[in-house]
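So you can see what is in the structure, the chains are spelled out below.
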Amino acid sequence: MSKFIFVTGGVVSSLGKGLASASIGNLLESRGLKITFLKLDPYINVDPGTMNPYQHGEVYVTDDGAETDLDLGHYERYTSLTLTKESNYTTGRIYNSVITKERRGDYLGGTVQVVPHITDEIKQAITRISKGMDVTIVEIGGTVGDIESLPFLEAIRQIPYDVGRDNVLYVHLTLVPYIGAAGELKTKPTQHSVNKLREIGIQPNILLCRTDRYIPPEMKAKIAMFCNVEKDAVITAKDVETIYEVPIVFRKEGLDDLIVRQLKLETGPPNLREWDAMVQKIKHPKHELSVALVGKYAGLKECYKSLAEALVHGGIDHETKVNISWIESEDVERQGTERILRDADGILIPGGFGARGIEGKIITIKYARERQVPFLGLCLGMQCATIEFARNVAGLAGANSAEFDERCPHPVIHLMPDQERISEKGGTMRLGAYLCKLGEGTLAQKMYGVSEVRERHRHRYEFNNDYRERLTAKGLVLSGLSPDGRLVEIVELENHPWFLATQFHPEYSSRPHHPHPLFSGFIGAALRKKLGH
């Protein structure tokens, strides 16, 4: 039977429950344990796919095509796991399942209630994913005290009665703020948060105290006494220079030893040599460069979480610190490219939806192409690169995507035929991992080092094959195609230091210890530009 670790958060949101959960998984996996993750999100949307990025942040896509919470990206980056749709459940998905069963008559006419029907559905999701695992780490979204997360908290309260108390551990992440005027750390928010959790019937076993400095032993003792936990179960979750340092801090604080002891796990010490070496590369780079990320949601960096991390990973490969200039594409439209992009060593256009800011992206790509600046386009970035080339190289005036202008004279990007009759928005795009064949001798093949790759998608619109001949005749290289040759997956340019754009999202499969080859290649090209090579 699997052991269970339930991670909750209190006081305020955005304390880093996802990073804490991922770091726990990192430490346990490094000890040779078989682990998995589950994120339980309290919002009523079935998944985050239709949510505004400014409200939810990035939508992370799994290999099997699930649109999930961005924390699943942390879980995959910190471990060797490839997760599935079973690793993310929302209130909406739970209720949708229960209502479907009720309509089918599965409850034999009984009154359907939050307890036991909703809580049982949540527990089934937890036990389903735990099969064959040594440890299952379950993160509860939101903050303790929120009305939305109560069914999830009630469900995990019941788990010890189903699997045995020795098989369950509750980890609570809380805030210990430093008040500058008083010159001291304050424990009262943590006390209140733990009391709120205990009112629900959950006594945390371990407290992760988020703070900007190490908590002194006497303050740990005070927190332990008021929160009814062991002294060594009060762990400093200190601010770090790089998020990949979190497992190392937790290790120094003895968190993994504590978990192993409390859950009675049989395992050896963790092996963090490679991870620590990787962190040292991040903290002590030999070079530094600037990448201009020109997007539609640059005002909230969480919208591009996997992308930002993939750039860091690319930098690790070249012992280079990558400074990201977060640029709103509408600012480029207003101020022009020269003023905003002149200091960029590399330019990146990420994915997105809708017409806002598109012209800013297109003139940014024109700048990168003409000024010979290394360029990487992703999803919408690839579509904008195609539009820019069609307009300014192939002479197709008014070329555009049918997403932005249905009446444009040259829709070089158009809706996939199998999407034309779809009216519902949720979960209906081309989602998940698909094969891509790489052209012989192309930049894409050189970067990957293989002839076929498998990458994750999230889009509706595609390259319009009616324009293949006209665009390739002018020098656009279609270097990646679907196995049947029908869909264009990668475009690139010859006679350019490094210009490549993909219909898929390579950032989802980049890892700090295995940087994605396209990000490594892009940063390598940007570094050569910076150094004048």
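Predicted, not measured: the structure shown is a model, and the values here were computed from it. (Residues numbered from 1 in each chain as written. Predicted model: local features only at pLDDT ≥ 70, side-chain atom pairs only at ≥ 80, totals over all residues. Heavy atoms only, no water.)

Trainee: Provide a residue-level description of the overall build of the protein, including the pertinent values.
Mentor: Of the regular secondary structure elements, the protein holds 19 helices and 23 strands. Taken against the 2.2 N^0.38 rule, which gives 24 Å for 533 residues, the C-alpha radius of gyration of the protein at 25 Å falls within 12% of a compact globule. Looking at the 533 residues of the protein, the share that counts as buried comes to 59%. When contacts within the protein are restricted to residue pairs at least 6 apart in sequence, those whose partners lie at least 24 apart make up 73%. Only carbon and sulfur atoms are counted for the fraction: they give 48% of the accessible area of the protein, which is about 22200 Å². Taking the 65 positively charged and 69 negatively charged side chains of the protein as two groups, their mean positions are separated by 2 Å. (Helix = DSSP H or I, 4+ residues; strand = E, 2+ residues; numbered from the N terminus. Rg over C-alpha atoms; globule rule 2.2 N^0.38 Å. Buried < 20%, exposed > 50% of the residue type's maximum accessible area, 1.4 Å probe, protein only. Contact = heavy atoms within 4.5 Å. Areas by Shrake-Rupley, 256 points an atom, 1.4 Å probe, with all protein chains shown as cover. Lys, Arg positive; Asp, Glu negative; His and termini not counted. Charge placed at Lys NZ, Arg CZ, Asp CG, Glu CD.)

Trainee: Give a description of the pairing of strand E15 (residues 375-378) that names residues and reports values.
Mentor: Residues Phe375 and Gly377 line one face of E15 and the alternating positions Leu376 and Leu378 line the opposite face, and both faces are buried. Bridging between strand E14 (residues 346-349) and E15 involves three bridges; their strand directions are parallel. Looking at E15, one finds that isoleucine 347 is bridged to phenylalanine 375. Remark: the E14/helix H15 (residues 358-370)/E15 crossover connection has right-handed handedness. The sheet contact formed by E15 and strand E23 (residues 499-502) spans four bridges and is parallel. (Pairing = 2+ DSSP bridges. Right-handed = clockwise from strand over helix to strand, strands pointing away.)

Trainee: Please give an account of the pattern of salt bridges that cites residues and values.
Mentor: Here the structure, examined in full by the defined rule, presents 41 salt bridges. Note that aspartate 257 and arginine 251 form a salt bridge whose closest N and O atoms lie 3.2 Å from each other. For aspartate 331, the salt bridge identified is with arginine 334, shortest N-O distance 2.4 Å. With aspartate 331 and arginine 334 both in helix H13 (residues 329-335) and three residues apart, this pair spans about one turn of that helix. (Salt bridge = Lys/Arg side-chain N within 4 Å of Asp/Glu carboxyl O.)

Trainee: I'd love a proper account of the sheet that holds strand E1 (residues 3-9), names of residues and values included.
Mentor: Within the open sheet, the seven strands sit side by side as E5-E2-E6-E1-E7-E10-E11. Their pairing is parallel. Lying at the two open borders of the sheet, with one neighbouring strand each, are strand E5 (88-90) and strand E11 (234-238). Recorded for the sheet is a direction-independent mean angle of 20° between the axes of neighbouring strands. Where E1 and strand E7 (residues 168-175) come together, six bridges link them in parallel fashion. The residue bridging phenylalanine 4 from the neighbouring strand is valine 168, located in E7. Across the face of the sheet, helix H4 (residues 91-104) comes into contact with strand E2 (35-41) and E5 while running at roughly 75° to E5. Most of the contacts of helix H5 (residues 114-130) go to E2, to which it runs at about 160°, and overall it touches E1, E2, E5 and strand E6 (135-140). (Axes fitted to C-alpha atoms, helices over the stretch in contact; angles between N-to-C directions.)

Trainee: Residue-level account of helix H12 (residues 305-317), with values.
Mentor: Taking 1.5 Å of rise per residue, the 13 residues of H12 would be expected to cover 18 Å, and the 19 Å separating its terminal C-alpha atoms lies within 8% of that figure. For H12, the buried fraction is high: 11 of the 13 residues fall into the buried class. (Expected span 1.5 Å × (residues − 1).)

Trainee: I'd like a description of a nonpolar patch on the surface, backed by residues and values.
Mentor: Together, Tyr95, Ile99, Val114 and Val115 make up an exposed nonpolar region whose accessible area comes to about 320 Å². Of all elements in the fold, only H4 and H5 reach the threshold of two or more residues within the nonpolar patch. Topologically, valine 114 is positioned in helix H5. Relative accessible area serves as the criterion here: at 37%, valine 114 is assigned to the partly exposed category. (Patch = residues over 30% accessible without salt bridge, like charges linked within 9 Å, V, L, I, M, F, W, Y side chains within 5 Å.)

Trainee: Please set out the sheet that holds strand E20 (residues 461-463) residue by residue, giving values where relevant.
Mentor: What the three strands build is an open sheet, ordered E16-E17-E20; its pairing is mixed. Both outer strands of the open sheet, strand E16 (399-401) and E20, are each paired with one neighbouring strand and no more. On average, adjacent strands in this sheet sit at an angle of 30° to one another, irrespective of strand direction. Relative to strand E17 (residues 410-415), E16 runs parallel, the two sharing three bridges. Bridge pairing links alanine 399 to histidine 410 in E17.

Trainee: Tell me about the nonpolar core, and please be specific about residues and values.
Mentor: Residues Ile5, Ile24, Leu28, Ile206, Leu208, Phe250 and Ile259 are the most contacted members of the largest nonpolar core, which totals 57 residues. At six residues, the largest contribution of residues to this core is made by helix H1 (residues 17-30). Those residues in contact with leucine 208 that sit more than four places away from it in its chain are Ala20, Val171, His172, Leu173, Thr174, Ile235, Ala237, Phe250 and Leu255. Counting residues in each nonpolar core, the second largest holds 41 residues, with Val332, Tyr367, Phe404 and Val488 among its members. (Core = buried A, V, L, I, M, F, W, Y, C linked by side-chain atoms within 4.5 Å.)

Trainee: I'd love a proper account of the side chain of serine 21, names of residues and values included.
Mentor: Along the chain, serine 21 turns up in helix H1. With sequence-adjacent residues up to four places away left out, serine 21 is seen in contact with Val7, Phe37, Tyr75, Ile137 and Glu139.

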